[in-house]
Amino acid sequence: MLESIWKQCLDYLESALPLKQFDTWLRPLQAEVTADGLCLLAPNEYVRDWVDQHYREQIRDTLEKVGGGQPCSVTVAVGSIPSPETEARDSNSGQDDDSTDRRLVVGLQSKFRFSNFIEGKSNQLALAASRQVAENPGKAYNPLLIYGAVGLGKTHLIHAIGNVIRRRPRARVAYLPAMDFVRDMVSSLRHNRMDQFNQYYRSFDALLVDDIQFFAGKSKSQEEFFHAFDALLQGDHQIVLTCDRYPRDVDHLPERLTSRFASGISYAIEPPELETRAAILTAKAAAARVELPEDVALYLAQRLKSNVRDLEGALRRVIMGSGFQGQEITIDYCTETLQDLFSSHDHSITIEVIQKTVADYFRLRVSDLTSKRRSRAIARPRQIAMGLARELTNRSFPEIGASFGDRDHTTVLYACRQVEKLRKSDNSVDTDYRNLLRRLRT
Ligand code: ADP
Ligand code: MG
């Protein structure tokens, strides 16, 4: 009971605090149930003291709220609850011979699965490649690289792959943030333990390294990473990497590293389109056993466009808030609760910016887009611009029509449908649309 309250409390704090603070101080905590409450276990004294001074009261208040008003004592101490994984790793370290016969799973979070990843046009290819790799590790794409902006599901997918591979007999799977890989390597170098380092990482059937943009600029680690990586590729080990942009765009990643990712093994995740955003919200609400009316899901999806992490944060706030206040989840309620988020989103993209961007892209003038001319070379970009305005702004069809040379709202409606249809049937339209989306969102 208390464990689940602690989980809910963490969920709430994750949405209430800046992510960085949450990741640094609260995510590392483990909770142990004591006679009258919870004892939070911190990895070291530093974290313990900081949490004790800065977060203990907030945690206690939140626990009380989540637990329906039941007071709950909270203490903070240094310690950890051993997990099967850390025990396995500890007992393996320092042994050379039979370690590869043992099952070992490091760092995987079981909550990230394919079954709770919502498919959309924006992630279709990356998802398909991930599934392939999960079913045929070491065979399909190796290494597999998934790249895309923050909050779009890279970490989710890489764990999902691991969670399938781990079901194999005697599977050895490691997930780790690139930072941890670097840290481990630097310390192995310092202590002259590179042999063990290589042996340890080579012993995995699947090695999943998240956020390799962090290798950039660490020249020592790049070299070493490249060697380690090269060695790992010699065997059948599956390697999966993620990066927050296309590796060639990461400054100071060596050419010989980026050239590895060139052909057919890199898949982008794009920001989800409206329908996918709505589907994600509906699915996440259902997972939290909350009924989210369809109109509210669509409304939230229209207003929140940046990434899935923000969508989730917003949804969590709505769910938590409505739970505390016993409020029904309606459009009005969401507008009120998420006012701060909405206003920061609203200012970002205007129809004028869209027109300018589209005109530049197709080498036209903005006045062409708003003109009455109907030649295809102008009509098509105009339709695309209208489609983008519908997706990226909160303007109504009549308002969009007005901005495009006083056109009727039915013209806008037709344009949006047309663009949707063309994107499915004509690859070049789809590519243009995505390129424009990307330009507009950065
Ligand atoms: P990234 O690693 O790309 O920054 P994450 O994988 O951490 O992003 O995703 C952020 C959050 O959004 C996670 O909680 C993840 O589960 C969720 N998420 C992202 N994409 C999807 C999706 N397509 N379906 C369901 N959840 C998603
Ligand atoms: Mg990530």
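Computed from a predicted structure; not experimentally measured.

### What to know about the overall build of the chain
- Within the chain, the secondary structure is distributed over 22 helices and nine strands.
- Nonlocal contacts in the chain, meaning residues at least 24 apart in sequence, comprise 73% of its contacts between residues at least 6 apart.
- Carbon together with sulfur atoms contributes 48% to the accessible area of the chain, which is approximately 22,600 Å² in total.

### Description of helix α6 (residues 124–135)
- Helix length check: α6, at twelve residues, gives a terminal C-alpha distance of 17 Å against a target of 16 Å (1.5 Å per residue), a fit within 8%.
- Buried within α6 we find Ala126, Leu127, Ala129, Ser130, Val133 and Ala134. Looking down the long axis of α6, one finds its buried residues gathered within 165° of arc, a one-sided arrangement. Facing away from the buried side of α6 by more than 90 degrees, the exposed set consists of Leu125 and Glu135.
- Those residues of α6 that are buried are in contact with β5 (144–147), α7 (154–165), β8 (238–243) and β9 (266–268).

### A look at the environment of Cys72
- Examined against the element boundaries, Cys72 turns out to sit in the loop between α4 (56–66) and β3 (73–78).
- In the structure, Cys72 is positioned eleven residues away from Asp61 in sequence and 8.5 Å away in space, judged by C-alpha atoms.
- Those residues in contact with Cys72 that lie beyond four places of it in its chain are Leu2, Asp36, Gly37, Leu38, Arg60 and Leu63.

### A look at the sheet that holds β3
- Strand order across the open sheet formed by three strands is β1-β2-β3, with mixed pairing between neighbours. Both outer strands of the open sheet, β1 (30–33) and β3, are each paired with one neighbouring strand and no more. Direction aside, the axes of adjacent strands within the sheet are offset by 30° on average.
- Examined bridge by bridge, strand β2 (residues 37–42) and β3 share six bridges and lie parallel to one another.

### Considering the pattern of salt bridges
- One pass over the full model with this rule turns up 17 salt bridges.
- In this structure, Glu391 engages Arg277 in a salt bridge whose closest nitrogen and oxygen atoms are separated by 3.9 Å. Linking Glu391 in helix α19 (residues 376–392) with Arg277 in helix α12 (residues 274–287), this pair joins segments that are 114 residues apart in sequence.
- For the salt bridge of Glu399 with Arg395, the shortest nitrogen-to-oxygen distance reads 3.9 Å.
- Look at Arg395 and you get partly exposed, because its relative accessible area is 46%.
- Within the structure, one salt-bridge network assembled from shared partners comprises Lys284, Glu312 and Arg316.

### Quick notes on the site of ligand 1
- In the vicinity of ligand 1 lie 18 residues, with Ile118, Gly151, Thr155, His156 and Glu312 positioned nearest.
- The side chain of His156 places a nitrogen or oxygen atom 2.6 Å from an oxygen atom of ligand 1.
- Out of a free accessible area of 560 Å², ligand 1 has 92% covered by protein chains.
- Secondary structure elements with two or more residues in the shell around ligand 1: α7, α12 and α14 (308–325).
- By residue class, the composition of the shell around ligand 1 is eight nonpolar, six polar and four charged.

### Quick look at the nonpolar core
- Within the largest apolar cluster, 26 residues are counted, with the highest numbers of intra-cluster contacts made by Phe114, Leu144, Leu157, Ile161, Val173, Leu208 and Val240.
- Breaking this core down by element, the ones donating at least two residues are α6, β5, α7, β6 (172–177) and β7 (206–210).
- A total of six residues in this core trace back to one element, the largest contributor, which is α7.
- The residues touching Leu157, leaving out its near neighbours within four places in the chain, are Phe114, Phe117, Ala126, Leu127, Ser130, Ile146 and Ile269.
- Judged by nonpolar contacts, the second largest core, of 25 residues, contains Ile351, Ile400, Val429 and Leu436.

### Structural notes on the sheet that holds β9
- With respect to topology, six strands assemble into an open sheet ordered β4-β6-β7-β8-β5-β9, the strand pairing being parallel. Whereas interior strands pair on both sides, the edge strands pair on one side only; in this sheet they are β4 (104–106) and β9. Neighbour-to-neighbour, the strand axes of this sheet turn through a mean angle of 15°, independent of strand direction.
- Relative to β7, β6 runs parallel, the two being bridged by five bridges. Counted as the bridge partner of Ala174 is Leu207 from β7.
- On the sheet, helix α8 (residues 178–190) packs against β6 and β7 and is oriented at approximately 100° with respect to β6.

### Overview of the pairing of β1
- Note that β1 and β2 share four bridges and pair antiparallel. Bridge pairing in β2 links Glu32 to Cys39.
- Here β1 hands over to β2 after three residues, the two strands then running antiparallel side by side.

### Quick word on α8
- Here α8 is 13 residues long and its end C-alpha atoms lie 18 Å apart, about the 18 Å a rise of 1.5 Å per residue gives.
- Of the positions making up α8, those classed as buried are Ala178, Phe181, Val182, Asp184, Met185 and Ser188. Seen end-on, α8 carries its buried residues on one side only, within an arc spanning 165°. Set apart from the buried face of α8 by more than 90 degrees, the exposed residues are Arg183 and Arg190.
- One or two positions beyond α8, positive phi appears at Asn192, with a value near 55°.

### Quick look at the confidence of the model for the chain
- Per-residue confidence for the chain averages 85 on the pLDDT scale, and 89% of its residues sit at or above 70.
- Model confidence for the chain, summarised as mean pLDDT per element, is weakest for helix α5 (residues 84–92) at 44 and strongest for α7 at 97.
- Note that residues 84–100 has pLDDT below 50 and, in this model, 18 contacts with residues that lie over four places away or in other chains.

Rules behind the numbers
- Residues numbered from 1 in each chain as written.
- Chains lettered and ligands numbered in written order.
- Predicted model: local features only at pLDDT ≥ 70, side-chain atom pairs only at ≥ 80, totals over all residues.
- Heavy atoms only, no water.
- Helix = DSSP H or I, 4+ residues; strand = E, 2+ residues; numbered from the N terminus.
- Contact = heavy atoms within 4.5 Å.
- Areas by Shrake-Rupley, 256 points an atom, 1.4 Å probe, with all protein chains shown as cover.
- Expected span 1.5 Å × (residues − 1).
- Buried < 20%, exposed > 50% of the residue type's maximum accessible area, 1.4 Å probe, protein only.
- Arc of directions from axis to C-beta.
- Pairing = 2+ DSSP bridges.
- Axes fitted to C-alpha atoms, helices over the stretch in contact; angles between N-to-C directions.
- Salt bridge = Lys/Arg side-chain N within 4 Å of Asp/Glu carboxyl O.
- Near = heavy atom within 4 Å.
- Polar contact = N/O pair within 3.5 Å; in protein donor to acceptor, adjacent residues only side chain to side chain.
- Nonpolar A, V, L, I, M, F, W, Y, C, P; charged D, E, K, R; others polar.
- Core = buried A, V, L, I, M, F, W, Y, C linked by side-chain atoms within 4.5 Å.
- pLDDT = per-residue confidence, 0-100.

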